[in-house]
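The chain contents come next:
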Amino acid sequence: MNGYAVSRASFSHEEKLSLIDDRSLSDVESESARIDLEGRFSTIQWAATAKSYCNGLRLSSWSSMMLRTGMFLLPSFIQHRCARERFRTEKLHPTAYLDGMRGLAALFVFFCHYFYTAFKIAEGWGHDGVNYEIWRLPFVRLLYSGPSMVCIFFVISGYALSLKPLKQTRSRSFDGFSRTMTSFVFRRFFRLYLPPLISTFGVLILLRLGIYEMTRDFASDRDYMHNVIEHHPVLEETLRKQLRHWVGEMYNFVHVWGWEKFGGATGYDVHLWTIPVEFRCSMMLFLVMFGTARLRTGIRFLCVALLMWFVLRSDKWEMFLFLWGMTLAELDLIRGAHEPNSTQPTSTPEPLLPLEKVPTTAPEKRKACNYLWTLLSIPALYLMSEPDAGTDGNPGWESLGAYVPEWFSDKYRYYQMIGSIIFVFCTARSVSWQRFFNSAVVQYFGRISYAIYLMHGPVTHTVGYMVEEWAYDLTGTEGAAYNWGAVLAGAINIPLVIWAADVFWRAVDAPTVRFTKWLETKLSIED
């Protein structure tokens, strides 16, 4: 399936730095996002807001419960506007741009899985002398290039999991390093697997309620599905068989003993094949950090470089990206990118009347560097635009395809992999890119990124397919009419998935993180 989805069955300052610290709500959740969650979007806050309305209107208990439920189901960005007390969001942390980058990557993965059932999106612009649609052009195709976004996920995960341990290693705080690593190893399983366990169990419930049966015929109808037909979850004969099937699928989902392609993928949501990959690579990364913690910096870089060559030559591109994330994190620590006085884009307004004159040379130099790194990110984005069907027959890519090693099996990922590394590297040094990823809308997608990843499959296969069938029946399924049907359905389904992800984030994703931290506290030996 071209890598889209298988189609079958501590330090006070460092605590603020860490992308996966003890209080974070995702792999790359910044401290500002945590404050925003606990302040504006917490369960206590939405309940208190609803209660205030109930008291003011003197509603009955049933009406009060319905109002509270309605308040909870409102998107979080609307909820906080209804709150009487306004919360001030603190200044974004220097690594907050990675939250936003991951959020957009998750959104674009959803776009990929949504549109590849209708359109042949894997071919590049001009493929075999046809396919000259504008949306196939390099850069534009990144809006739905799922495999490229997966590469971004893995680089960011390697960066996020390495940043705090590397900071402690470099400061010779080995006791702190030991505590951090044991916490990471303990919590990683729960962080990655608890939310999908809950989401797939929700799929089981919808199966038993007959919701998936309402769209089963549509899901395999070639009149509507002009390209990829995704696996539709199977309804077993009895509830007992369904539960046994789900338990078996979840057992295989915790796939740590093999590295085969799509290993651990589950038929309850075929898009989740990356979760076992993330877990395996995380454990390997932790082992590498343990093994290199006491090495001198240069020797550690040499060892990691040799490991990167080894895993790449062994055709483990995912581990290669994790190790590069670790390398980029240490490079940023060396240049002091996360120090409080380092130059970072900020939402805090500058004073209108400076107390003293500031030399113009430093800002001019910073502006020149910003332009340079922003400019260098453009070739990286081009490499990330490598067509998912491969380089053959694509203008501008055939010559590059000749340099892809023969032993590299997923050849369409080769330049996507290289481009993602370069892009993260350049973004860490580009104020313009950081300002974009730190914008409010992009940061919102960063907060719900994992929820988008988990929710877009179930929502699309149930309500989404109902909406699509209605839209195609309205517009027709031939020629341009089919395209308009896809646009009409997307105008409804895309906001629907975002809403479902927002609710799942508050109802499941954030509480599981707090539960994991609580569980670790209860089970750990106190110092």
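These numbers were taken from a predicted model, which means no experiment stands behind them.

## Some details on the overall build of the protein
Okay, so step 1: A count of helical and extended segments in the protein gives 20 helices and 0 strands.
Okay, so step 2: Counting every position in the protein, which comprises 527 residues, the buried fraction comes to 55%.
Okay, so step 3: Carbon and sulfur atoms make up 64% of the accessible area of the protein, which totals about 24300 Å².

## Let's talk about helix α16 (residues 414–427)
Okay, so step 1: Under the 1.5 Å per step criterion, the end-to-end length of α16 is 20 Å for 14 residues, consistent within 8% with the ideal 20 Å.
Okay, so step 2: Of all 14 residues in α16, 11 are buried, a share of seventy percent or more.
Okay, so step 3: Residues of α16 that are buried include every one of Tyr414, Tyr415, Gln416, Met417, Gly419, Ser420, Ile421, Phe423, Val424, Cys426 and Thr427, and no others.

## Focus on the packing of aromatic side chains
Okay, so step 1: The tally for this structure, following the rule as stated, stands at 39 aromatic pairs.
Okay, so step 2: Their ring planes at 75° and their centres at 5.2 Å tell us that Phe408 and Tyr414 sit as a pair that is edge-to-face.
Okay, so step 3: The exposure class of Phe408 is buried, given its relative accessible area of 0%.
Okay, so step 4: Ring geometry for Tyr472 against Tyr482: centres 4.6 Å apart, planes inclined by 0°, an arrangement best described as stacked. Highlighted residues: Tyr472 in helix α19 (residues 449–475) and Tyr482 in helix α20 (residues 480–523), separated in sequence by 10 residues. Accessibility classification places Tyr472 together with Tyr482 in one group, the buried group.
Okay, so step 5: Sitting over the face of the ring of Phe425, Arg429 holds its NZ or CZ atom 3.8 Å from the ring centroid.

## A few points about the environment of Gly401
Okay, so step 1: Within the fold, Gly401 resides in helix α15 (residues 398–401).
Okay, so step 2: With relative accessibility at 19%, the residue Gly401 sits in the buried group.
Okay, so step 3: As for Gly401 and Tyr415, which are separated by 14 residues in sequence, their C-alpha atoms are 8.9 Å apart.

## Thoughts on the packing of helix α7 (residues 146–170) against helix α11 (residues 274–292)
Okay, so step 1: Where α7 meets α11, the closest approach of the two axes is 11 Å, and the angle between their N-to-C directions is 35°. Judged by the sense of rotation from one axis to the other, the crossing of α7 with α11 is right-handed. Note on element contacts: α11 touches α7 through Thr274, Val277, Glu278, Ser282, Leu285, Phe286 and Met289, opposite Val150, Phe153, Phe154, Ser157, Gly158, Leu161, Ser162 and Pro165.
Okay, so step 2: Split by residue class, the contact of α7 with α11 holds 9 nonpolar, 5 polar and 1 charged.

## Focus on unusual backbone geometry
Okay, so step 1: Of note, the phi angle at Asp128 is positive, near 55°, even though the residue is not glycine.
Okay, so step 2: The topology assignment puts Asp128 in the loop between α6 (96–115) and α7.
Okay, so step 3: Asp128 gets classed as exposed once you look at its relative accessible area, which sits at 56%.
Okay, so step 4: Even without glycine at this site, Asn131 takes up a positive phi of about 60°.

## Quick look at the confidence of the model for the protein
Okay, so step 1: Mean pLDDT over the protein: 85, with 82% of residues reaching 70 or higher.
Okay, so step 2: Every residue in residues 346–361 is under pLDDT 50, and counting partners more than four places away or in other chains gives 4 contacts.

## Topic: the pattern of salt bridges
Okay, so step 1: Scanning all chains against the criterion turns up 15 salt bridges.
Okay, so step 2: Where Arg187 meets Glu520, a salt bridge forms, and the shortest distance between an N and an O atom there is 3.3 Å. Of the two residues, Arg187 is situated in helix α8 (residues 174–208) and Glu520 in helix α20; the sequence distance between them amounts to 333 residues. No difference in accessibility class separates Arg187 from Glu520, as the two residues are buried.
Okay, so step 3: Arg506 is the partner of Asp502 in a salt bridge, and the nearest nitrogen-oxygen pair spans 2.8 Å. Here Asp502 and its partner Arg506 are both found in helix α20, 4 residues apart, which amounts to about one turn of the helix.
Okay, so step 4: Assessed through its relative accessible area of 4%, Arg506 is described here as buried.
Okay, so step 5: Salt bridges sharing partners connect three or more residues here, namely Arg170, Arg300 and Glu330.

## Things to note about the side chain of Glu330
Okay, so step 1: Within the element layout of this structure, Glu330 appears in helix α13 (residues 317–334).
Okay, so step 2: Looking at Glu330, its side chain comes within polar contact range of the side chain of Arg170, at 2.9 Å.
Okay, so step 3: Excluding residues within four positions of it along the chain, Glu330 makes contact with Leu166, Arg170, Thr297, Arg300 and Phe301.

## A look at a nonpolar patch on the surface
Okay, so step 1: A surface patch of nonpolar side chains, amounting to about 440 Å² of accessible area, comprises Phe201, Ile205, Leu209, Leu239 and Leu243.
Okay, so step 2: Mapped by element, the contributors of at least two residues to the nonpolar patch are α8 and α10 (239–253).
Okay, so step 3: One can find Leu243 in helix α10.
Okay, so step 4: Take Leu243: its relative accessible area is 33%, and that puts it in the partly exposed class.

## Some remarks on the nonpolar core
Okay, so step 1: Ranked by internal contacts, the top residues of the largest apolar core, which has 118 residues, are Met101, Met417 and Phe423.
Okay, so step 2: Once residues lying within four places of it in the same chain are set aside, the contact partners of Met417 are Cys151, Leu312, Trp317, Phe320, Leu321 and Phe408.

Conventions we followed
Here the residue numbering is sequential within each chain, running from 1 through the sequence in written order. Two thresholds apply to this predicted model, a pLDDT of at least 70 for residue-level local features and 80 or more for giving and counting side-chain atom pairs, whereas whole-chain, interface and lining totals are computed over all residues. For the side-chain quantities, the full set of heavy atoms in the structure was used; hydrogens and water were omitted. The numbering of helices and of strands both runs from the N terminus, where a helix is a DSSP run of H or I of at least 4 residues and a strand a run of E of at least 2. Only protein chains enter the accessibility calculation, which uses a 1.4 Å probe; a residue is then buried when its area is under 20% of its type maximum, exposed when over 50%, and partly exposed in between. For the accessible areas, the method is Shrake-Rupley and the probe is 1.4 Å, while residue cover comes only from the protein chains on display. The span one expects for a helix is its residue count, reduced by one, times 1.5 Å. Centres within 6.5 Å are what make two rings of Phe, Tyr or Trp a pair, Trp counting through its six-membered ring; a difference in plane orientation under 30 degrees is then read as stacked, over 60 as edge-to-face, and the rest as tilted. A ring is considered to have a charge above it if a Lys NZ or an Arg CZ atom is located within 6 Å of its centre and within 35 degrees of its normal. The angle between two axes is taken between their N-to-C directions and runs from 0 to 180 degrees, where each axis is a line fitted to C-alpha atoms and a helix contributes only its stretch in contact. Here a crossing is taken to be left-handed if its near helix is turned anticlockwise relative to the far helix by less than a right angle, and right-handed if that turn runs clockwise. The contact criterion used throughout is that any non-hydrogen atoms of two residues lie within 4.5 Å. The classification used treats Ala, Val, Leu, Ile, Met, Phe, Trp, Tyr, Cys and Pro as nonpolar, Asp, Glu, Lys and Arg as charged, and all other residues, Gly among them, as polar. pLDDT measures how confident the predictor is about each residue, on a scale from 0 to 100. For this analysis, a salt bridge means a side-chain nitrogen from Lys or Arg found within 4 Å of a carboxyl oxygen belonging to Asp or Glu. Polar contact criterion, stated in full: a pair of N or O atoms within 3.5 Å, where within protein one must be able to donate a hydrogen and the other to accept it, and residues adjacent in sequence count only if both atoms are side-chain atoms. Like charges within 9 Å and nonpolar side chains (Val, Leu, Ile, Met, Phe, Trp, Tyr) within 5 Å are joined into patches, using only residues over 30% in relative accessible area that form no salt bridge. Only buried residues count toward a nonpolar core, which is a set of Ala, Val, Leu, Ile, Met, Phe, Trp, Tyr and Cys residues joined through side-chain atoms within 4.5 Å.

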